[in-house]
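Each chain, letter by letter, is given below.
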Amino acid sequence: MQANMILAIDQGTTSTRAIAFEVSSSGSFSAVAVSQIELAQHFPQSGWVEHDAAEIWRATLQTCREVVRKAGGVGRFAAVGITNQRETSVIWDATTGEPLHRAIVWQDRRTADLTTRLASEGNEAAVQASTGLILDPYFSASKYAWLLDAVPGARERAARGEVRLGTIDAWLIWKLTGGASHVTDATNASRTSLMDLKTLQWRADLCDLFNVPVQALPEIRGCADHLGDCDASLFGRALPIHGSAGDQQAALVGHGALQAGDAKITYGTGAFLVANVGEAPVASTSRLLGTLGYAVGQKRNDHVAYALEGSIFSAGSAIQWLRDGLKVISDSRQSEAMAQTLKDNGGVYLVPGFTGLGAPWWRPEARGTVIGLTRDSGPAHFVRAALESLAYQTRDLLDALNTDGAPALTRLKVDGGVTANAFAMQFVADICEVEVERPAFQEMTAMGAARLAAFGVGLTPELWTAPAEAPAVWRPHMGEAERARLLKGWRGAVKAAIIAAE
């Protein structure tokens, strides 16, 4: 039996999935089995978001076992690839492997006071120069510090090597290998505020700044390196783990955006624009994030691509709010038809700052704001305003990229659940003045993890080959005057949201 499959683990903000990809002799990938389990969200205080790391592990094991069974058994698999929600931070016992606190999710804002203080003390320029990142609660370092302070005795135990810290990839690799591997890949490490972007190593001065002991952190490795072997008792054979990348970087690889000037945006719970800038990091003047696109090769830095990234904190979560909070829709798929019942937005704008505003604003204190309501406004206006906000926020990111000197985009590669909404994608094309391209196969994060693992284990000679299926494409049709009018209204809404938070 030929071992020509990759077991891809896609651990996201709202669910945990496993997908089996079969790799053909020509290098094409096809999904042959999938299993998915929804992940519970915990909101203990305003602005706080937590996950149960033990629940994530159980769901990972269950979905992987189900996919291995569906795909014909562990003998069909050559390797495991992992992609994960980034920045979400876990603390666990080095001996028992049990989490010591709920994981702090990337959306969480509880450490805003710490990052604000560090910025006010003049540290942001040095942090950004080393890591590409600004000082914000979004990133893992301040979350690690909070966990170490919140768990009784954790700091003392960490100094003795009894506590481990890591993002979700490190947590899953630890559990999959039975504690044999405490490693992370360089893309996830680049999201902590603790890794030097040029050397791809932890910086002692940054660990000191955030008061995070380096001995508790995982070893940094490349995205296609051998990261460890799964405990044989889990699946019946010790499958090698040979690919790992944070979800947005994995999607970059999945799309094949591997050349400078390529860009993709993933519309999930949040939305994340990642633009490949080539072999050297670019310092943003527009408060975009410098980050690692991927690092693969025999040595960690043989093939390194850097990127600029803009993060929108609330994208699909705004649609979820319409469903679960306002209850104006019972299913997310209703949003497209409901928005199209209106001839325009009626002057209503929604700024979805439910957990603050991301790039290029970076206002963690901001909250969701609706402006332009009249007696004629109804549920459909809220739905349309939420969908339109995706395009306005995307335009803000593209404008920031242009300010930073990135090549102007003529095509934007998109993926994520919201891209099934044709109204929203056409509005993105119209407001952003770019062609929007959605691949036929939508699971780009899992695909990227699978491609990295297949390349790492030698199943494919190239990191990416073009898929056979034609993409869906939306082209801009909106007139310039209408676009300018709508953007003026959006910018006024953002200004109102920021003023209201001051």
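Look up a bit, the structure's there.
Residues numbered from 1 in each chain as written. Predicted model: local features only at pLDDT ≥ 70, side-chain atom pairs only at ≥ 80, totals over all residues. Heavy atoms only, no water.

A. The arrangement of the overall build of the protein chain in detail. Helices and strands together make up the secondary structure of the protein chain, namely 16 helices and 23 strands. Taken over C-alpha atoms, the radius of gyration comes to 22 Å for the protein chain, in line with the 23 Å a tight globule of 502 residues would show. Overall size of the protein chain, expressed as C-alpha extent along the three principal axes, is 65 × 55 × 40 Å. Counting only residues that meet the buried cut, the protein chain has 61% of its 502 residues in that class. Contacts in the protein chain between residues far apart in sequence, at least 24 positions, make up 72% of those at least 6 positions apart. Looking at the protein chain as shown, the accessible area adds up to about 18400 Å², and 50% of this sits on carbon and sulfur atoms. For the protein chain, the distance from the average position of its 45 positive side-chain charges to the average position of its 53 negative side-chain charges is 2 Å. (Helix = DSSP H or I, 4+ residues; strand = E, 2+ residues; numbered from the N terminus. Rg over C-alpha atoms; globule rule 2.2 N^0.38 Å. Buried < 20%, exposed > 50% of the residue type's maximum accessible area, 1.4 Å probe, protein only. Contact = heavy atoms within 4.5 Å. Areas by Shrake-Rupley, 256 points an atom, 1.4 Å probe, with all protein chains shown as cover. Lys, Arg positive; Asp, Glu negative; His and termini not counted. Charge placed at Lys NZ, Arg CZ, Asp CG, Glu CD.)

B. Just empty space enclosed by the protein, in detail. Applying the stated criterion across every chain, the model contains three cavities of 30 Å³ or more. By volume, the largest cavity amounts to about 90 Å³. Lining the largest cavity are 15 residues, with Leu-357, Gly-358, Ala-359, Trp-361 and Gln-393 sitting closest to its centre. Mapped onto the lining of the largest cavity, the elements with two or more residues apiece are strand E18 (303-312), helix H13 (379-403) and helix H16 (480-501). Taken together, the residues of the lining of the largest cavity sort by class into nine nonpolar, five polar and one charged. (1 Å grid on protein atoms, 1.4 Å probe; cavity = no way out; pocket = protein on both sides within 12 Å on 5 of 7 lines; lining within 4 Å. Points joined across faces, edges and corners; volume = space filled by probe spheres on them. Nonpolar A, V, L, I, M, F, W, Y, C, P; charged D, E, K, R; others polar.)

C. Structural context of the pattern of salt bridges. Inspection of the entire model under this criterion finds 38 salt bridges. The salt bridge involving Arg-287 is made with Glu-124; its shortest N-O contact spans 3.3 Å. On the criterion of sequence distance, the pair formed by Arg-287 in the loop between strand E16 (271-278) and strand E17 (289-296) and Glu-124 in helix H3 (residues 124-131) is long-range, its members being 163 residues apart. Assessed through its relative accessible area of 31%, Arg-287 is described here as partly exposed. Judged by its relative accessible area of 19%, Glu-124 falls in the buried class. (Salt bridge = Lys/Arg side-chain N within 4 Å of Asp/Glu carboxyl O.)

D. Molecular detail of the packing of helix H14 (residues 422-432) against H16. It is the contact of H14 with H16, at a shortest axis distance of 9 Å, that shows an interaxial angle of 100°. Put simply, H14 runs roughly perpendicular to H16. Taken together, the residues of H16 that come into contact with H14 (itself represented by Phe-427, Asp-430 and Ile-431) are Arg-483, Leu-486 and Leu-487. Within the contact of H14 with H16, the residues separate by chemical class into four nonpolar, no polar and two charged. (Axes fitted to C-alpha atoms, helices over the stretch in contact; angles between N-to-C directions. Parallel < 35°, antiparallel > 145°, perpendicular 65-115°, else oblique.)

E. Just the pairing of E18, in detail. Taken across its ten residues, E18 has nine buried, putting it largely inside the fold. Sheet topology note: the E16/E18 ladder contains seven bridges and is antiparallel. Opposite Val-274, over in E18, you have Glu-309 as the bridge partner. Sheet topology places E17 next to E18; seven bridges connect them, and they run antiparallel. Bridge assignment links Tyr-294 to a residue of E18, and that residue is Ala-305. (Pairing = 2+ DSSP bridges.)

F. Layout of the sheet that holds strand E1 (residues 5-11). Strands sit in the order E3-E2-E1-E5-E14-E13 across an open sheet of six strands; the sheet is mixed. The open sheet has two edge strands, strand E3 (29-38) and strand E13 (228-229), and neither has a second partner. As paired elements, strand E5 (residues 77-84) and strand E14 (residues 240-246) share five bridges and run parallel to each other. When the bridges of E14 are listed, Thr-83 appears paired with Ala-245. Where helix H6 (residues 168-176) meets the sheet, its contacts fall on E1, E5, E13 and E14, and the angle it forms with E5 comes to roughly 145°. Helix-sheet contacts for helix H15 (residues 444-457) involve E1, strand E2 (15-23), E3, E5 and E14, and the interaxial angle to E5 is about 135°.

G. The arrangement of the packing of aromatic side chains in detail. The full count for this structure, using the stated rule, is 14 aromatic pairs. A ring pair is formed by Tyr-138 and Phe-139, whose centres lie 4.7 Å apart and whose planes are at 40°; its orientation type is tilted. Phe-139 shares its class with Tyr-138; the two are buried. Aromatic side chains Tyr-138 and Phe-313 sit 5.2 Å apart centroid to centroid with 70° between the ring planes, which places their arrangement in the edge-to-face category. With Tyr-138 in the loop between H3 and helix H4 (140-150) and Phe-313 in the loop between E18 and helix H11 (316-326), the pair connects residues that are 175 residues apart, well separated along the chain. For the pair Tyr-138 and Phe-313, a shared accessibility class is recorded, and that class is buried. Grouped by ring-pair contacts, the aromatic residues Trp-106, Tyr-138, Phe-139, Phe-272 and Phe-313 constitute a single cluster. Positioned above the aromatic ring of Phe-272 is the side chain of Arg-86, whose terminal nitrogen or guanidinium carbon lies 5.4 Å from the ring centre. (Phe/Tyr/Trp six-rings, centres within 6.5 Å; stacked < 30°, edge-to-face > 60°. Lys NZ or Arg CZ within 6 Å of the ring centre and 35° of its normal.)

H. Highlighting the side chain of Asn-188. The topology assignment puts Asn-188 in helix H7 (residues 186-189). Judged by relative accessible area, which is 0%, Asn-188 ranks as buried. A polar contact is formed between the side chain of Asn-188 and the side chain of Asp-185, at a distance of 2.6 Å. For Asn-188, the residues in contact, after removing those within four places along its chain, are Asn-84, Arg-86, Thr-167, Asp-169, Ser-244, Ala-245 and Gly-246. (Polar contact = N/O pair within 3.5 Å; in protein donor to acceptor, adjacent residues only side chain to side chain.)

I. How the structure looks around H15. Taking 1.5 Å as the rise per residue, H15 with 14 residues should run 20 Å; its terminal C-alpha atoms sit 20 Å apart, in good agreement. Taken across its 14 residues, H15 has eleven buried, putting it largely inside the fold. In the stretch just after H15, Gly-458 is the one whose phi turns positive, near 85°. (Expected span 1.5 Å × (residues − 1).)

J. Looking closely at the layout of surface pockets. Here the second largest pocket is characterised by a volume of approximately 470 Å³. Going through the elements one at a time, E3, helix H10 (247-255) and H15 are the ones with two or more residues in the lining of the second largest pocket. Among the residues making up the lining of the second largest pocket, the classes are represented as 13 nonpolar, six polar and four charged.

K. Unusual backbone geometry, seen in detail. A positive phi is found at Glu-87, a non-glycine position, where the angle reads about 65°. With respect to the helices and strands, the residue Glu-87 is situated in the loop between E5 and strand E6 (89-93). Relative accessible area serves as the criterion here: at 2%, Glu-87 is assigned to the buried category. In this model, Asn-211 sits at a positive phi of 60°, which is unusual for a non-glycine residue. Tracing the backbone shows Asn-211 in the loop between helix H8 (204-210) and strand E12 (219-221).

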